[in-house]
Amino acid sequence: MSSLSQHACDHLEQLLEGFGLAAATPLSNWIDGELVAGEGDDITLINPASGETLVRYCDAGAALIERATQAATRGQREWMALTASERGRRMNAALSGLEGHEEALAQLESVVAGKPIRDCRAEVGKVREMFEYYAGWCDKQHGEVIPVPTSHLNYVRHVPYGVVGQITPWNAPMFTCAWQLAPAIAAGNGVVLKPSELTPFSSVVIAKLLECSGNVGQGLPKGLINIVNGLGKTTGAALTDHPAISKLVFVGSPQSGRMIAEAGARRLVPSVLELGGKSANIVFADAKLDEAVAGAQAAIFAAAGQSCVAGSRLLIERSVFEQVTTRLARAAEQIVVGLPSDEATRMGPLQNRRQLEQVTRMIEAAEAAGARVLTGGKRPEGLPDEAQGYFIAPTVLIDVTPDMEIAQQEVFGPVLIAMAFNDEAEAIQLANETRFGLAGAVWSQDVARAHRVAGQLRAGTVWINSYKAISVMSPFGGFGDSGFGRSSGLDGLREYTVPQSVWVETAPEASVAFGYGSGVG
């Protein structure tokens, strides 16, 4: 084992020990207020920076899913026995559990996920932001009164599903954990969440810190949040098929999303799917090109392109195409690619070997089809000799045609394709010419045109003269192969509730009809 890998293993062991997860087999699950080891086969985690073994833990399996759903059912009943205001106070109070652990949590995410430490620190702040926002909604989920044409008082209230199942991805495990936990419990649900088997620990730590904060009897109920780690085909299947799960929420690939939706459909359980993207970043000739180039760079190369909203298709008006692509390639070559632990690193490795192989294959296939690599496309130079992990340089491709695989399918890596357009109509056509519809952007100083084009993009989120500005206050989701349903904002909260219509007869001598005609009209 290299010294780089040994250091990462030792560091991870110290972090797990600090959070109480360290054992002969790491305690990789949080069930009913306790840390629990898995009961299935070993799962090996690989250090993304070195490509060597990091740690092994055990698959949870169906029996632990059963325990988790029972705990979530009990915790949810206790939670809903509280007033809405009290639930909000307790959600806010639970955040005290994170205090003093922010840096260790960021370090844990960085080591396992391979993300630059500076990015992980920012994501810890997002966990707090999400819980603060949704805690405020607990006692503001107002119903409404419907003026029905009978003698009834009819009102609508929003009630929780009960126990929901959530599955989160490896590219942003800490972020997506809080992103789904906070609205689910704010709406009154209990939760069983399965992170990706590649990034298991940060979600367990978040749940533990939240549930263990505060005085006994004044925090989140034991069992309200359960984190169960394992493979999709074992633990994941047990979760999606469990009769106690009343709704499924999945963040990940379209391929897995279809399987989740099918599993829910077999039991008539609804789902929310936040899937992939092939987002178009449109640059008109009148745009402020310095800002557009910087925005395009951040849109694709942040997080090594492992982001569902990555601006992976850059559509540039033909008169400035060469200027923009030349500047962008030069800027890409200046990005510091390095070890996740290095404070100077702006882009780290891909998270796993399979993803590196997929990205490499798609670049090679694009070249074979006639595309040209303007920069990147290979392992970056200047890395330490021991950094034999899943690194690839920021890559820009030109001479790409819309029918190429790389123009249609998500790469999920630091690979940008640039295509030219002649006019507004062609830009819109190219932007909408994929099955994805998650995000997009328009760069132009013509305000009317920017709004006009944005309104014609088939995308759930559209930015104008910006990219990747995301807030928990605003709804997020897509069209087509990017999934359905919404996360964040009031829309994200509503995904975790069911509208219940209540009818109260008010007439002193109401008529009771056979059928749907009851009441005095």
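Heads up: the structure comes first, above all this text.
Anyway, here's the lowdown on the structure attached to this text.

Each value, and the rule that gives it
- Residues numbered from 1 in each chain as written.
- Predicted model: local features only at pLDDT ≥ 70, side-chain atom pairs only at ≥ 80, totals over all residues.
- Heavy atoms only, no water.
- Helix = DSSP H or I, 4+ residues; strand = E, 2+ residues; numbered from the N terminus.
- Buried < 20%, exposed > 50% of the residue type's maximum accessible area, 1.4 Å probe, protein only.
- Contact = heavy atoms within 4.5 Å.
- Axes fitted to C-alpha atoms, helices over the stretch in contact; angles between N-to-C directions.
- Parallel < 35°, antiparallel > 145°, perpendicular 65-115°, else oblique.
- Left-handed = near helix turned anticlockwise from the far one by under 90°.
- Nonpolar A, V, L, I, M, F, W, Y, C, P; charged D, E, K, R; others polar.
- Pairing = 2+ DSSP bridges.
- Right-handed = clockwise from strand over helix to strand, strands pointing away.
- Phe/Tyr/Trp six-rings, centres within 6.5 Å; stacked < 30°, edge-to-face > 60°.
- Lys NZ or Arg CZ within 6 Å of the ring centre and 35° of its normal.
- Salt bridge = Lys/Arg side-chain N within 4 Å of Asp/Glu carboxyl O.
- Core = buried A, V, L, I, M, F, W, Y, C linked by side-chain atoms within 4.5 Å.

**Notes on the overall build of the protein chain**
Across its full length, the protein chain holds 16 helices and 22 strands. For the protein chain, the spread of C-alpha atoms along the principal axes amounts to about 80 × 60 × 40 Å. The buried share among the 521 residues of the protein chain stands at 56%. The contacts of the protein chain with a sequence gap of at least 6 include a subset with a gap of at least 24, amounting to 73%.

**As for the packing of helix 1 (residues 3–18) against helix 4 (residues 102–113)**
Contact geometry for helix 1 and helix 4: axes closest at 10 Å, N-to-C directions at 140°. Between helix 1 and helix 4, the angle is such that the two are oblique. At the point where helix 1 passes helix 4, the crossing takes the left-handed sense. Counted together, Ala8, His11, Leu12, Leu15 and Leu16 of helix 1 and Ala104, Gln107, Leu108, Val111 and Val112 of helix 4 form the full contact between these two elements. Among the residues making up the contact of helix 1 with helix 4, the classes are represented as 8 nonpolar, 2 polar and no charged.

**Digging into the pairing of strand 11 (residues 271–274)**
Neither face of strand 11 is open: one carries Ser271 and Leu273, the other Val272 and Glu274, and all of them are buried. Sheet topology note: the strand 10 (residues 247–251)/strand 11 ladder contains 4 bridges and is parallel. Bridging from a neighbouring strand, Leu248 pairs with Ser271 of strand 11. Note on the crossover from strand 10 through helix 9 (residues 254–266) to strand 11: the handedness is right-handed. Pairing geometry for strand 11 and strand 21 (residues 483–484), over 2 bridges, is antiparallel.

**Some remarks on the sheet that holds strand 14 (residues 372–375)**
Read across the sheet, 7 strands follow the order 14-15-16-13-12-18-19 without closing on themselves; strand pairing throughout is mixed. Each having just a single partner strand, strand 14 and strand 19 (461–464) make up the two edges of the open sheet. Taking the axes of each pair of neighbouring strands and ignoring which way they run, one obtains an average angle of 25° across the sheet. Examined bridge by bridge, strand 15 (residues 395–398) and strand 16 (residues 415–421) share 3 bridges and lie parallel to one another. Across the sheet, Leu397 pairs through a bridge with Ile417, a residue of strand 16. Of the strands in this sheet, strand 13 (313–317), strand 14, strand 15 and strand 16 touch helix 11 (residues 321–332), which is tilted by about 140° from strand 13. Sheet strands in contact with helix 15 (residues 447–454) are strand 12 (280–283), strand 18 (439–443) and strand 19, and its direction is about 170° off that of strand 19.

**Some points on the environment of Gly437**
Looking at the element boundaries, Gly437 is found in strand 17 (residues 436–437). Residue Gly437 is classed as buried on the basis of its relative accessible area of 3%. Placed 257 residues apart in sequence, Gly437 and Gln180 show a C-alpha to C-alpha distance of 21 Å. If we skip the residues at most four places from it in the chain, Gly437 touches Arg458, Ala459, Gly460, Gly478, Phe479 and Ser482.

**Focus on the packing of aromatic side chains**
For the structure shown, the criterion picks out 7 aromatic pairs. Judged by centre distance (5.5 Å) and plane angle (85°), the rings of Trp170 and Phe412 are edge-to-face. Of the two residues, Trp170 sits in the loop between strand 7 (163–167) and helix 6 (173–186) while Phe412 sits in the loop between helix 13 (405–408) and strand 16, which places them 242 residues apart along the sequence. An aromatic cluster is present here, built from Phe175, Trp179 and Phe476 joined pairwise through their rings. We note Arg449 situated over the ring of Phe284; from NZ or CZ to the ring centre the distance is 4.1 Å. Positioned over the ring face of Phe479 is Arg486, at 5.9 Å from the centre of the ring.

**Observations concerning the sheet that holds strand 22 (residues 497–505)**
One open sheet holds the 3 strands; their spatial order is 5-6-22, and the pairing between them is antiparallel. Edge positions in the open sheet fall to strand 5 (144–146) and strand 22, since each of these has one partner strand only. Direction aside, neighbouring strands of the sheet carry axes that sit 30° apart on average.

**Some points on the pattern of salt bridges**
Across all of its chains, the model carries 20 salt bridges by this definition. The partner of Glu123 in a salt bridge is Lys115, with the nearest N and O atoms 3.0 Å apart. Across the pair, exposure class does not vary: Glu123 and Lys115 are buried alike. For Lys140, the salt bridge is made with Asp139, and the minimal N-O distance between the two is 2.9 Å. Judged by relative accessible area, which is 41%, Lys140 ranks as partly exposed. A cluster of three or more residues bridged by salt bridges with shared partners is formed by Glu86, Arg89 and Arg90.

**Description of the nonpolar core**
The nonpolar side chains of a soluble globular protein tend to be buried with one another. Grouped together as the largest cluster of nonpolar side chains are 138 residues, with contacts concentrated most on Met91, Phe131 and Ile406. Per-element tally for this core: the top contributor is helix 6, with 10 residues. Not counting chain neighbours up to four residues away, the residues in contact with Ile406 comprise Lys278, Met362, Ile363, Ala366, Leu397, Val400, Val411, Val415 and Ile417.

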